[in-house]
Structure formats: C-alpha cells, structure tokens
Amino acid sequence: PPDPTTTSVWTPCYSSPRTARDRFLSPPLPLSLPLPQSIPHPIVFSPGMRENPIPADHRFPMRKNAMLFDFLSARNLTTRHFIPDHPDVDTLCLAHDRAYVTQFLDGTLPPAMMRRVGLPWTEPLVRRTTIGVGAALMAVRLAMQFGIATMCSGGTHHAGPDFGGGWCILNDFAVAARAIQVRK
C-alpha cells in the first residue's frame, strides 16, 4: 500500500463495496510512482494532436493527448515514437456510412448531428479527428508487429456508423478493427 506520509491514501475500488460514483471519484494513483527507464514498445502520437480546434472554455479536455505525450517525453519514454498519417475516405468507411463521413469531412452535417457530438465543426476538427483514427490504425499495425503498442490519443468509441456522440465523431477503434479484418 502507498506510504500515507508521501502519497495520497486511497482505497482501491475492488477492496470494498462502493458505488460507481465513489469509484469514479477515487483519487488516481500518484504520479510519483517509479517509472521504467524506457518503454521498449512503440508509441504513436501526431503533432497534429496539439491542434486545439475547439474554444478554450469548452469542457472537453482536448489537450490531454499532448499532455500525455509530453509527460512521457519528459521522462525519455518515447524513444520508439511513430507519427501516423491521415486515413483515406475508403478506410474511414470500413466502419462508417459513406454519406456521414463525406458530410463530416466537407462540413455539411446537419447542426443537430453536430450538437449530438458536442463539438463545433471546423476544418481543424476534421484534421484532428482523422489523425486520431490514423493513430489507431498505426497502433494496431504496430501491435501486430511488436506484440504491443500505445497511442497517446483516441478512444472515440461513442461514434456509431452514421452518427457521432459524446465528443466522438469517428470511432477510431472500430475503423482500426475493421481494417485489420479486411487485411486478413
């Protein structure tokens, strides 16, 4: 257990019956835990993830991806860094409806659909969204090659085939999974 004099004391969520809200509000592990000297597996991150296409006062934590990569870089843990490319439309359409993808890319999604996403449409948002899918595609390919890979972005799992939601426009995991299925 953590030393209460040097780290915050917290109870792991599996040690006592608590509500989901209590588990969510539990403090995270302290960042002062010992870190490895290097991480031998590939890390995928695009400088495009530094672009913040939403208003500064928006509640979505857009900067979290760059902050994670910077945290790892400051500790020399990004020695095997890979930069992804933007996927083409056909790849995006492996998991998404072509009309939906086209409307998102050209900015013609109906306002109600963008409200469901919770982010305002901008060209920088398109670039940021597609490079996130590119990161998932690259991470999956690298994981298949090396047995493991990390991406400092993603998790846009709230997007469906023809709609977005919960700040997710394209489902990066679904596109990456479909790409691997098609490749086999």
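Everything below is about the structure shown above.
Just so you know, these numbers come straight off a predicted model, no measurement behind them.

1. What to know about the nonpolar core
In step 1: Membership of the largest hydrophobic core comes to 29 residues, with the highest contact counts inside it found for Val44, Ile169 and Leu170.
In step 2: Among the secondary structure elements, those contributing two or more residues to this core are helix H4 (98–106), helix H5 (111–117), helix H6 (123–146) and helix H7 (172–183).
In step 3: With nine residues, H6 is the single largest residue contributor to this core.
In step 4: Apart from the residues within four sequence positions on either side, Ile169 is in contact with His96, Tyr100, Phe104, Val117, Leu125, Thr129, Ala159, Phe163 and Gly164.
In step 5: Counting nine residues, the second-largest nonpolar core is a separate cluster that includes Phe45, Ala66, Leu77 and Ile131.

2. Concerning the sheet that holds strand E3 (residues 150–151)
In step 1: Judged by pairing direction, the sheet is parallel, and its three strands sit side by side in the order E2-E1-E3 without closing on themselves. Looking along the sheet, the strands with just one partner apiece sit at the ends: strand E2 (81–82) and E3.
In step 2: Taken together, the two bridges between strand E1 (residues 43–44) and E3 define a ladder with parallel strand orientation. Among the inter-strand pairings, Val44 is bridged to a residue of E3, identified as Met151.

3. Overview of the environment of Gly132
In step 1: The topology assignment puts Gly132 in helix H6.
In step 2: Under the relative-accessibility criterion, Gly132 is labelled buried at 7%.
In step 3: Taking the C-alpha atoms as reference, Gly132 lies 9.0 Å from Leu170; in sequence the two are 38 residues apart.
In step 4: Apart from the residues lying within four places of it in its own chain, the contact partners of Gly132 are Met49, Ser153 and Asp172.

4. So, H4
In step 1: If you check which residues of H4 are buried, you get Tyr100, Val101 and Phe104. Around the axis of H4, the buried residues are gathered within 95° of arc, so they sit on the same side.
In step 2: Tucked into the core, H4 has its buried residues touching helix H3 (89–92), H5 and H6.
In step 3: Sitting at the head of H4, Asp97 places a side-chain oxygen 3.1 Å from the backbone nitrogen of Ala99.
In step 4: At the C-terminal side of H4, Gly107 shows a positive phi close to 80°.

5. Description of the packing of aromatic side chains
In step 1: The tally for this structure, following the rule as stated, stands at one aromatic pair.
In step 2: Look at Phe45 and Phe69: their rings are 4.4 Å apart centre to centre, the planes differ by 10°, and that puts the pair in the stacked class. You can see Phe45 sitting in the loop between E1 and helix H2 (64–74) and its partner Phe69 sitting in helix H2, a full 24 residues away along the chain. Comparing Phe45 with Phe69 shows no difference in burial state: the two are buried.

6. Some thoughts on the side chain of Thr129
In step 1: Structurally, Thr129 is set in helix H6.
In step 2: Those residues in contact with Thr129 that lie beyond four places of it in its chain are Phe104, Ile169 and Leu170.

Rules behind the numbers
- Residues numbered from 1 in each chain as written.
- Predicted model: local features only at pLDDT ≥ 70, side-chain atom pairs only at ≥ 80, totals over all residues.
- Heavy atoms only, no water.
- Core = buried A, V, L, I, M, F, W, Y, C linked by side-chain atoms within 4.5 Å.
- Buried < 20%, exposed > 50% of the residue type's maximum accessible area, 1.4 Å probe, protein only.
- Helix = DSSP H or I, 4+ residues; strand = E, 2+ residues; numbered from the N terminus.
- Contact = heavy atoms within 4.5 Å.
- Pairing = 2+ DSSP bridges.
- Arc of directions from axis to C-beta.
- Polar contact = N/O pair within 3.5 Å; in protein donor to acceptor, adjacent residues only side chain to side chain.
- Phe/Tyr/Trp six-rings, centres within 6.5 Å; stacked < 30°, edge-to-face > 60°.

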